[in-house]
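Below are the chains, spelled out letter by letter.
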Amino acid sequence: MAILSELIIYPVKSCAGISVREATLTSAGLSVDAVYDREWMVIGEDGQFLTQREYPRMALISPRLKLDTLELRAPGMLRLEVPLGLPDPADEVTRQVSIWDDSVLAYDCDEIVATWFSHAVGTPCRLVRFHAGATRFASAKWTGGVEAPTLFSDGYPVLVIGSASLSDLNGKLVAAGREVLPMNRFRPNMVIDGIEAFEEDFADSFVLGEASLKPVKPCPRCPIPSVDQLTGMPGPDPLDILRTYRTKPAMDDAICFGMNSIVTAGDGQRVYVGQPVTMTLNF
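The rules behind the values
- Residues numbered from 1 in each chain as written.
- Predicted model: local features only at pLDDT ≥ 70, side-chain atom pairs only at ≥ 80, totals over all residues.
- Heavy atoms only, no water.
- Pairing = 2+ DSSP bridges.
- Helix = DSSP H or I, 4+ residues; strand = E, 2+ residues; numbered from the N terminus.
- Axes fitted to C-alpha atoms, helices over the stretch in contact; angles between N-to-C directions.
- Contact = heavy atoms within 4.5 Å.
- Buried < 20%, exposed > 50% of the residue type's maximum accessible area, 1.4 Å probe, protein only.
- Core = buried A, V, L, I, M, F, W, Y, C linked by side-chain atoms within 4.5 Å.

A.B. asks: When you look at the sheet that holds strand β6 (residues 40-44) in this model, what are you seeing that I'm missing?
C.D. replies: Paired through backbone hydrogen bonds, the strands of a sheet run either parallel or antiparallel to each other. Ordered in space as β6-β12-β11-β10, the 4 strands form an open sheet in which the pairing is antiparallel. Two strands lie at the open edges of the sheet, namely β6 and β10 (94-99), each paired on one side alone. Averaged over all adjacent pairs, the angle separating strand axes in this sheet is 55°, with direction ignored. Strand direction decides the pairing type here: strand β11 (residues 102-108) and strand β12 (residues 125-130), joined by 3 bridges, are antiparallel. By the bridge assignment, A106 is partnered in β12 with F130. Where helix α1 (residues 110-121) meets the sheet, it contacts β6, β11 and β12, and its direction lies at approximately 120° from that of β12.

A.B. asks: Whenever I open this one, the sheet that holds strand β9 (residues 80-83) confuses me. Can you help?
C.D. replies: Read across the open sheet, the 3 strands follow the order β7-β8-β9; overall the sheet is antiparallel. The open sheet terminates on both sides in strands that have one partner only, identified here as β7 (62-65) and β9. With strand direction ignored, the average angle separating the axes of adjacent strands in the sheet is 25°. By the bridge criterion, 4 bridges tie β7 to strand β8 (residues 69-73) in an arrangement that is antiparallel. Counterpart to P63 in the pairing with β8 is L72. Packing of α1 onto the sheet brings it into contact with β8 and β9, and relative to β9 it is tilted by some 135°.

A.B. asks: Even after reading the chapter, I still don't get the pairing of β9, so can you show me in this structure?
C.D. replies: Both faces of the sheet carry side chains from a regular strand, because those side chains alternate between them. Covered by surrounding structure in β9 are L80 and V82 only, the residues E81 and P83 on the alternate face being uncovered. When β8 meets β9, the two strands line up antiparallel, connected through 4 bridges. What sits directly across from L70, in β9, is V82. Where β8 folds back onto β9 in an antiparallel hairpin, the turn is made up of 6 residues, including G76, whose phi is positive at roughly 75°.

A.B. asks: I would appreciate a short explanation of the nonpolar core in the present structure.
C.D. replies: Counting 25 residues, the largest nonpolar core has L7, L25, M190, F206, L213 and V271 as its most contacted members. Of all the elements, strand β1 (residues 2-9) adds the most residues to this core, at 4 residues. Setting aside anything within four residues of it in sequence, one finds M190 in contact with L4, E6, L7, L25, L30, V158, L159, V160, I161, L213 and V271. Core analysis: the second largest hydrophobic core is formed by 22 residues, V35, L70, V82 and W116 among them.

Structure below.
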């Protein structure tokens, strides 16, 4: 029987995740205590988003959800408290920010926060928050025309990976004389036990209670899986091994691992670790 074995939310894009026992599944992704996955994002002075691709030490910025604040910690720095409440419209400071080909309205999180992040990341930068009035949608080319909202994810609200897929990769790494990798290198939102390696590639849907997810696009992998999420240091890159068997012709031979998914039913439903998952295949 397939079960949901891990749930991870990343409040700040490309910073550390928070493993949780339960979450609310919304059309825009996972939410915990009204905090959404990738609700915040770090930007450079030009408004372009920053990630571990260029700044691997972002992995060391660790969020924690508190009653009224998002607490952030980084090595050698005092903790930072970012209010969870939205700013009063009369006081809000906004700016247009860029993520891939999208320009999105965001709240600016002030100069104190910008200074903290600039020191933590190691370059001048700012923290922004997805604006309550902003909209951003996953590519309709892959969703089949479905309007699937997302915040500051790379492009889709939920990333699903089967635990057997990582086991398969780790077996090949061991055979090559290399160390196994933890799942956090691939930064999924949901991990599913009890399905075959890479069976998620062929899933038409994952049903969890009254909620349903539809995998729509293989996830092309960038250099982030080479970053040790505990040290913030680039380590052995698994992409050379993955390249031998995980390129996808439909993705211009990109190396793929995991499935980007959209929510097709059950917006607002609770999901939890240990929950049974019913998978239907698309053939």
